[in-house]
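Structural overview for review
Residue-level listing of the chains:
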Amino acid sequence: MKILEAGSRPSVRAPHEYFTGTVFQDPIIAAEAPARLVSARVSFEPGARTAWHTHPLGQTLYVVTGIGRVQSLGGPIIEIRPGDVVWIPPGEKHWHGASPTNAMTHIAMQEALDGSHATWLEQVSDEDYAGAVGE
C-alpha cells in the first residue's frame with residue numbers, strides 16, 4: 001500500500017499546447033505498472049477547455065463543481081453539472097471544459113496503453129466552442 005499525502009503533489013498549470021484558457025491540474029494518481037490508471041482533478045476557468053483529443057482505453061469524467069461542456073466529434077455540445085459521469089469510449093475524438101460563464105472542475109480518469117493515456121490533436125476553435133448546447 002502507498003499513501004500519497006494531501007499536498008504532496010503540487011498543482012500544475014495545464015500546458016497551452018493542449019488547453020485553451022486557464023486550467024490547473026491536481027494529480028491524483030499515475031499508477032505504476034502493471035496498473036495503468038492515470039487520474040487528475042482538473043479545474044477550468046470560464047471559457048477554458050481542452051484541445052480535441054482521444055484516449056486509447058477511453059476516459060471517465062466525474063464533475064465535481066460548476067457547469068461544463070463536452071462534445072464528441074460530430075455530436076452536440078452537452079452541458080455537464082456536478083455529479084454527472086461522462087464515459088468517452090476508446091479512440092473517440094472529443095473535448096471538454098468549462099461553460100463560457102462558469103468555472104468547472106472534474107476528476108478525469110483514464111488508463112495508459114504502452115505508456116500513453118492521451119493523443120492530443122488540434123485546438124477547439126472559438127466558433128466551435130461557442131456553439132449552442134444541443135447543437
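Residues numbered from 1 in each chain as written. Predicted model: local features only at pLDDT ≥ 70, side-chain atom pairs only at ≥ 80, totals over all residues. Heavy atoms only, no water.

Observations concerning the sheet that holds strand β7 (residues 59-66)
Taking strand neighbours across the sheet as the criterion, the six strands line up as β1-β3-β4-β12-β7-β10 in an open arrangement whose pairing is antiparallel. Each edge of the sheet is formed by a strand with only one pairing partner; in this case those strands are β1 (12-13) and β10 (85-88). Bridge count for β1 against strand β3 (residues 23-30) is two bridges, and the pairing is antiparallel. Along β3, the bridge assignment pairs R13 with F24. (Pairing = 2+ DSSP bridges. Helix = DSSP H or I, 4+ residues; strand = E, 2+ residues; numbered from the N terminus.)

A word on the environment of S125
As for its position among the elements, S125 is in the loop between β13 (119-120) and α1 (126-129). With relative accessibility at 31%, the residue S125 sits in the partly exposed group. In the structure, S125 is positioned 56 residues away from R69 in sequence and 14 Å away in space, judged by C-alpha atoms. Among the polar contacts made by the side chain of S125, one reaches the main-chain amide nitrogen of D128 at a distance of 2.9 Å. (Buried < 20%, exposed > 50% of the residue type's maximum accessible area, 1.4 Å probe, protein only. Polar contact = N/O pair within 3.5 Å; in protein donor to acceptor, adjacent residues only side chain to side chain.)

Quick look at the side chain of Q71
Mapped onto the elements, Q71 comes out in strand β8 (residues 68-72). Since its relative accessible area comes to 11%, Q71 is described here as buried. Within polar-contact distance, the side chain of Q71 engages the backbone oxygen of G75 at 2.7 Å. In terms of polar contacts, Q71 uses its side chain to reach the side chain of W95, at 2.8 Å. Ignoring any residue separated from it by four or fewer positions in sequence, one finds Q71 in contact with W52, P76, I77, K93, H94, W95 and E135. (Contact = heavy atoms within 4.5 Å.)

A word on the pattern of salt bridges
Counted under the stated rule, the structure contains six salt bridges. For the salt bridge of E111 with R36, the shortest nitrogen-to-oxygen distance reads 3.8 Å. Placement of the pair is E111 in strand β12 (residues 104-111) and R36 in the loop between β3 and β4 (37-44), with a sequence separation of 75 residues. Look at E111 and you get partly exposed, because its relative accessible area is 33%. You can call R36 partly exposed: its relative accessible area is 37%. Residue D126 is joined to R49 by a salt bridge in which the shortest nitrogen-to-oxygen separation is 2.6 Å. Taken together, the residues D126 in helix α1 and R49 in strand β5 (residues 49-50) connect sequence positions 77 residues apart. Judged by its relative accessible area of 57%, D126 is exposed. (Salt bridge = Lys/Arg side-chain N within 4 Å of Asp/Glu carboxyl O.)

As for the side chain of T54
Positionally, T54 belongs in strand β6 (residues 53-54). Of the residues examined, T54 reaches a relative accessible area of 15% and is grouped as buried. Look past the residues within four positions of T54 in its chain and what remains in contact with it is G91, E92, K93, H94, H117, A118, T119 and L121.

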